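The chain contents come next:
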There are 2 protein chains.
Amino acid sequence: MRGTIPTLKGTAMPEPRFRRYSSEVRAAMLVDAGLACLARGGITAFTTDNICREAGASRGLITHHFGSIDGLLAAVYAAAYQPMLDSLAPEGETSPSLMQIIERVFGTYNFTRDSLNVWLALWGEIATNPALQAEHRRHYARYRATVARAIDDLARARGLSVDSQDLAISVIALIDGLWLEQGIDPELLSPTRSIDACRRMLEPIFGPLAGSLAP
Amino acid sequence: MRGTIPTLKGTAMPEPRFRRYSSEVRAAMLVDAGLACLARGGITAFTTDNICREAGASRGLITHHFGSIDGLLAAVYAAAYQPMLDSLAPEGETSPSLMQIIERVFGTYNFTRDSLNVWLALWGEIATNPALQAEHRRHYARYRATVARAIDDLARARGLSVDSQDLAISVIALIDGLWLEQGIDPELLSPTRSIDACRRMLEPIFGPLAGSLAP
DNA sequence: CGTCTTACTATACAACCGTTCAGTAAGGAG
DNA sequence: CTCCTTACTGAACGGTTGTATAGTAAGACG
């Protein structure tokens with residue numbers, strides 16, 4: 001039937017029931033929908049129905065593109081971590097200073113209500129979900145290396161001798177702990193206060209740290 | 001029929017199909033079972049079936065004692081937080097020093113694989129579960145007050161002037177961040193290394209901090 | 001226009017979700 | 001012993017979970 005009726009451009013043509021995308025594009029749509037569900041309702045809202053409804057796709061698509069819902073979750077984890085790390089140390093830029101890292105971590109790009117919820121939900125799932133653990137280790141190693149390098153640079157500039165690998169763990173703990181507290185209770189902190197909190201802990205170790213916001 | 005047959009003590013007596021407990025005792029059993037499920041499989045394992053099987057009770061009991069599964073979750077949250085706080089500042093004891101708090105937080109009583117998993121699971125749920133938020137605020141206030149008081153005591157003894165309320169947030173962030181990292185990747189840290197990490201961050205602020213482990 | 005690939009839909013499935021409720025029986029009171 | 005309270009069971013409810021699969025059709029290609 002279709003096509004036999006002469007149509008004016010964009011009027012009587014029966015529009016397709018659905019649109020076909022390339023594997024990569026559709027996968028990205030599902031990942032985005034997964035992030036949205038995580039942000040809205042935590043890990044318990046990360047379900048086939050919710051995600052496919054959010055993505056405007058049918059229930060079978062997750063299995064089709066990711067094998068299983070856990071496969072999608074791993075992809076979502078990567079999609080949350082990767083751009084965060086990229087924003088800390090953009091490609092083609094000299095390696096960031098410690099204060100730059102901190103300001104970027106708590107900057108408007110990373111530090112949003114949605115991403116706070118996403119991280120909280122993901123952290124809770126890693127411990128008991130082996131598929132996520134492997135994904136985590138890879139990204140955490142890069143995170144730690146970036147921070148450790150910034151600590152090394154700073155210590156060298158100040159003529160200090162520190163164990164940058166160990167200290168990186170502590171700095172990340174401080175940062176993630178502030179994220180955690182802020183995620184759990186949005187009233188408690190703000191980006192500025194979080195940055196100040198980091199500075200107060202780090203200046204006694206390294207001496208004055210100039211941030212771009214307080215030069 | 002029962003009781004008509006003369007029985008020898010503990011032999012032919014048909015044993016009861018189930019045991020009746022007081023509300024309080026049974027509630028505690030369900031809370032314990034809930035904690036076990038949380039530790040084993042995260043928030044997604046916190047289900048009626050799992051919990052009741054773990055507690056050796058029938059499916060109706062959670063509703064009977066807690067109104068709903070969310071009611072039980074709130075009770076579980078309190079049951080995880082309360083004893084932790086109690087262990088930090090035992091009743092009838094003088095308020096703990098900062099290093100005492102840190103050593104107790106990372107002590108064998110609190111810092112177990114199970115409780116790490118439980119906290120990870122609960123943190124992920126608070127942000128999107130209003131029932132838990134209220135429960136959290138109450139306990140967190142006490143946690144923060146305990147830490148702030150220890151900071152005040154320490155600062156006074158060293159003749160320093162610090163904002164103990166603000167600093168308490170940072171210290172808690174550091175502690176919780178280390179819990180988080182340890183919970184996510186058990187290989188990364190140990191109780192001793194976590195305590196050392198805290199000391200390394202705090203001594204530049206307060207000067208030498210003697211712990212009971214390193215006198 | 002017809003053909004082909006495959007992204008996609010939609011249904012079906014068994015297992016499980018939290019909750020309701022009518023009935024049962026444990027165990028203290030008298 | 002009998003009675004009575006109520007902690008408790010267990011089946012049943014409608015809804016949702018993740019996945020398998022058979023069939024459909026979008027859209028590129030010739």
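Residues numbered from 1 in each chain as written. Chains lettered and ligands numbered in written order. Predicted model: local features only at pLDDT ≥ 70, side-chain atom pairs only at ≥ 80, totals over all residues. Heavy atoms only, no water.

Colleague: Go over the packing of aromatic side chains, please, and point to the residues and values.
Modeller: All names here are of chain A. Counting across every chain of the model gives 14 aromatic pairs over all chains. Consider the rings of Phe 111 and Trp 179, whose centres lie 5.4 Å apart with planes at 75°: the pair is edge-to-face. Linking Phe 111 in the loop between helix 5 (98–105) and helix 6 (113–126) with Trp 179 in helix 8 (residues 164–184), this pair joins segments that are 68 residues apart in sequence. According to the relative accessible area criterion, Trp 179 is buried, its value standing at 5%. (Phe/Tyr/Trp six-rings, centres within 6.5 Å; stacked < 30°, edge-to-face > 60°. Helix = DSSP H or I, 4+ residues; strand = E, 2+ residues; numbered from the N terminus. Buried < 20%, exposed > 50% of the residue type's maximum accessible area, 1.4 Å probe, protein only.)

Colleague: If you had to explain the packing of helix 1 (residues 23–41) of chain A against helix 4 (residues 69–88) of chain A to someone new, which residues and values would you point to?
Modeller: Residues and elements named next belong to chain A. At a closest axis distance of 9 Å, the pairing of helix 1 and helix 4 adopts a crossing angle of 80°. One element, helix 1, and the other, helix 4, form an angle in the roughly perpendicular class. Contact residues: Leu 30, Val 31, Gly 34, Leu 35 and Leu 38 in helix 1; Leu 72, Ala 75, Val 76, Ala 79 and Ala 80 in helix 4. Tallied by class, the residues present in the contact of helix 1 with helix 4 amount to nine nonpolar, one polar and no charged. (Axes fitted to C-alpha atoms, helices over the stretch in contact; angles between N-to-C directions. Parallel < 35°, antiparallel > 145°, perpendicular 65-115°, else oblique. Contact = heavy atoms within 4.5 Å. Nonpolar A, V, L, I, M, F, W, Y, C, P; charged D, E, K, R; others polar.)

Colleague: Run through the relation of the copies chain B and chain A, naming residues and quoting values.
Modeller: You can overlay chain B on chain A at an RMSD of 0.1 Å; the transform is a turn of 180° with a shift of 0.0 Å along its axis. What the superposition gives is, in effect, a two-fold axis relating one chain to the other. Take the interface residues of chain B: 100% of them recur as interface residues in chain A, which is what a same-surface contact looks like. (Least-squares fit on C-alpha atoms with pLDDT ≥ 70 in both.)

Colleague: Help me get a handle on the protein's contact with DNA strand D, residues and values and all.
Modeller: In the region of DNA strand D, 26 residues are neighbours, and Arg 20 and Thr 48 of chain A together with Arg 26, Ser 58 and His 65 of chain B sit closest. In DNA strand D, atoms within 4 Å of the protein come from the sugar-phosphate backbone in 68% of cases. Interatomic distance of 3.1 Å between a side-chain N/O atom of Arg 17 of chain B and a phosphate oxygen of DNA strand D. His 65 of chain B has a polar side-chain atom sitting 2.6 Å from a phosphate oxygen of DNA strand D. Those elements that provide at least two residues to the surface near DNA strand D are helix 2 (48–55) of chain A together with helix 3 (61–66) of chain B. Of the residues contributing to the surface near DNA strand D, the split by class is eight nonpolar, eight polar and ten charged. (Near = heavy atom within 4 Å. Polar contact = N/O pair within 3.5 Å; in protein donor to acceptor, adjacent residues only side chain to side chain.)

Colleague: Outline the interface of chain B and chain A, listing residues and values.
Modeller: Tallying the contact residues gives 45 residues for chain B and 45 residues for chain A. With both sides pooled, the region where chain B packs onto chain A buries about 3,600 Å², and carbon together with sulfur makes up 65% of that total. Contact with chain A buries surface across chain B, with Glu 181, Ile 184 and Met 201 of chain B losing the most and accounting together for 17% of the total. Summed over the shared surface of chain B and chain A, the result is six salt bridges. Between Arg 137 of chain A and Asp 185 of chain B there is a salt bridge, with its nearest N and O atoms 2.9 Å apart. Elements supplying a minimum of two residues to the side of chain B that touches chain A: helix 1 (23–41), helix 6 (113–126), helix 7 (130–158), helix 8 (164–184) and helix 9 (191–206) of chain B. Looking at the side of chain B that touches chain A, the element that brings in the most residues is helix 8 of chain B, giving 14 residues. In the side of chain B that touches chain A, the residues fall into 23 nonpolar, eleven polar and eleven charged. (Buried area = accessible area lost by both parts, 1.4 Å probe. Salt bridge = Lys/Arg side-chain N within 4 Å of Asp/Glu carboxyl O.)

Colleague: Please set out the environment of Ala 57 of chain A residue by residue, giving values where relevant.
Modeller: Residues and elements named next belong to chain A. Tracing the backbone through its elements, the reader meets Ala 57 in the loop between helix 2 and helix 3 (61–66). By relative accessible area, which is 18% here, Ala 57 ends up buried. Between the alpha carbons of Ala 57 and Tyr 143 there is a distance of 34 Å; along the sequence they are 86 residues apart. The contacts of Ala 57, once residues within four sequence positions are left out, are Arg 26 and Cys 52.

Colleague: Can you break down the environment of Glu 181 of chain A residue by residue, with the values?
Modeller: Counting through the fold element by element, Glu 181 of chain A comes out in helix 8. For the pair Glu 181 of chain A and Glu 15 of chain A, spaced 166 residues apart in the sequence, the C-alpha separation amounts to 49 Å. In contact with Glu 181 of chain A, not counting residues within four places along its chain, are Leu 188 and Leu 189 of chain A together with Tyr 140, Ile 169, Ile 172 and Ala 173 of chain B.

Colleague: Any chance you could break down the protein's contact with DNA strand C for me, citing the residues and the numbers?
Modeller: Close contacts around DNA strand C come from 26 residues, with Arg 26, Ser 58 and His 65 of chain A together with Thr 48 and Arg 59 of chain B the closest. A breakdown of the atoms of DNA strand C within 4 Å of the protein gives sugar and phosphate a share of 66%. Within the side chain of Arg 20 of chain A, one N or O atom sits 3.0 Å away from a base oxygen of DNA strand C. Mapped onto the surface near DNA strand C, the elements with two or more residues apiece are helix 3 of chain A together with helix 2 (48–55) of chain B. In terms of residue class, the surface near DNA strand C is built from eight nonpolar, eight polar and ten charged.

Colleague: Give me the pattern of salt bridges: which residues, what numbers.
Modeller: Within the structure shown, the criterion is met by 18 salt bridges over all chains. Residues Asp 166 of chain A and Arg 200 of chain B are paired through a salt bridge, measuring 3.4 Å at the closest nitrogen-oxygen approach. Of the two residues, Asp 166 of chain A is situated in helix 8 and Arg 200 of chain B in helix 9; the pairing between them involves two chains. Taking relative accessible area as the criterion, Asp 166 of chain A reaches 19% and is therefore assigned buried. Taking relative accessible area as the criterion, Arg 200 of chain B reaches 36% and is therefore assigned partly exposed. The partner of Glu 54 of chain B in a salt bridge is Arg 40 of chain B, and the shortest N-O contact between them spans 2.7 Å. You can see Glu 54 of chain B sitting in helix 2 and its partner Arg 40 of chain B sitting in helix 1, a full 14 residues away along the chain.

Colleague: Explain helix 9 of chain B residue by residue, including any values.
Modeller: In a regular helix each residue adds 1.5 Å, so 16 residues correspond to 22 Å; helix 9 of chain B covers 22 Å between its end C-alpha atoms and thus fits that length. Roughly 25° is the biggest bend found in helix 9 of chain B, and it falls at Arg 200 of chain B, with proline Pro 204 of chain B one to four residues downstream. Burial in helix 9 of chain B covers these residues: Ser 194, Ile 195, Ala 197, Cys 198, Arg 199, Met 201, Leu 202, Ile 205 and Phe 206 of chain B. Buried residues belonging to helix 9 of chain B abut helix 8 and helix 9 (191–206) of chain A together with helix 5 (98–105), helix 7 and helix 8 of chain B. Positive backbone phi, at 90°, marks Gly 207 of chain B, one or two positions downstream of helix 9 of chain B. (Expected span 1.5 Å × (residues − 1). Bend = angle between axes of the 7 residues up to and from the residue.)

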